[in-house]
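Architecture and fold: a report
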Amino acid sequence: MKLSTEKNSGDEVATRLVQTAISLFGEKGTSTSLREVQRKAGVLNEAAIRYYFGNREAFLEACIRDISKRFELITSIVWKEFNEKKALHPVTTADVSTVLVKSFYLFLLEDKASVWLMARMIREESDFGQDLLIRYFGDFIWALEDEIRKLMPQKAHQMVRMHLFLAINNTLNGMVDQDLLWRLPDLEGKKSNFRLDYEEFAKGFISYISAGIQAG
C-alpha cells in the first residue's frame, strides 16, 4: 500500500508540473525557466523535473503529449459532426475548413494556454518543436489532408499539403493573435474597438481558410 501511495503522489506532482508548465510556457514563452515552473507548481525539490522527465526536451514533450490528448477529445466531436453531415449530402472544402477552425476555436475556449503553447512551439522551438507537433497532431493533419484530396483529386498532392499546412498555421496563429483584430477601430472610426460576433468571425475565418485550400 505504501508503494502505491508513493506512486500516486509522484504522478500528482508530475501532472502538476506539466499543467503549470503549459500555463507558463503558453503565457510567457518556452524560455521560461524550469525553476519558475517548479516554484509556481509549489514543488520545492529543484531536481523534480529532471527526476520525473529527464531533461527539458522530454518535459516539453510531456506537455505536448498532454495537450494532444485533450485536443483529440475536441476533434473527435467535430469529426463526428462532419461525418454525420457527410452521410447526408456531399461536403465541401468549407466543411473541411470548419473542422480545422472549429477544433482550434473550441480548444481555445477550453484552454487558451495550450493553444498559445502550440503556436510558440512553432515560433520558438524550431525543428524540435515543429517535429513534436507533427508527431502528436499528425493524425488530425493527415485526416484533413485525406478529405481535401478526395474533394480536389485534380490538385497536385504537393499543393494540397502545402496549402493545408499554411491553413493550419494561419488558423493556429489567427486564434492566438485575434486580440489584435479587436484593437482596431470600428469601420466608422467612432469606437476604439472593432467587433464581430462569433458567427461573423467564424464564417469569415472559415471562408478565408477555405479559399486558401482551394487555390490552384
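Below or above, wherever it landed, is the structure these notes cover.

On to the environment of Leu-17, then. Its place among the elements puts Leu-17 in helix α1 (residues 2-28). In this structure Leu-17 comes out as buried when scored by relative accessible area, which is 0%.

Turning our attention to the pattern of salt bridges. Side chains that differ in sign of charge can pair as their charged atoms come close. What the rule picks out here adds up to 17 salt bridges. For Arg-120, the salt bridge goes to Glu-124, with nearest N and O atoms at 2.6 Å. Residue Arg-120 and its partner Glu-124 are located together in helix α6 (residues 112-124), separated by four residues, close to a single helical turn. Here the residues in one salt-bridge network are Glu-61, Arg-65 and Arg-135, joined through shared partners.

Another point: the packing of aromatic side chains. This model, assessed by the stated rule, comprises 14 aromatic pairs. Measuring from ring centre to ring centre gives 6.3 Å for Tyr-105 and Phe-201, while their planes differ by 45°; the resulting arrangement is tilted. A residue pair is termed long-range when its members are at least 10 positions apart, and Tyr-105 in helix α5 (residues 93-110) and Phe-201 in helix α10 (residues 198-214) qualify at 96 residues. Each member of the pair Tyr-105 and Phe-201 is classed as buried. Ring-pair connections join several aromatic residues into one group, and the members of that group are Phe-71, Trp-79, Phe-82, Phe-104, Phe-107, Phe-137 and Phe-140.

Calculation notes
- Residues numbered from 1 in each chain as written.
- Predicted model: local features only at pLDDT ≥ 70, side-chain atom pairs only at ≥ 80, totals over all residues.
- Heavy atoms only, no water.
- Helix = DSSP H or I, 4+ residues; strand = E, 2+ residues; numbered from the N terminus.
- Buried < 20%, exposed > 50% of the residue type's maximum accessible area, 1.4 Å probe, protein only.
- Salt bridge = Lys/Arg side-chain N within 4 Å of Asp/Glu carboxyl O.
- Phe/Tyr/Trp six-rings, centres within 6.5 Å; stacked < 30°, edge-to-face > 60°.

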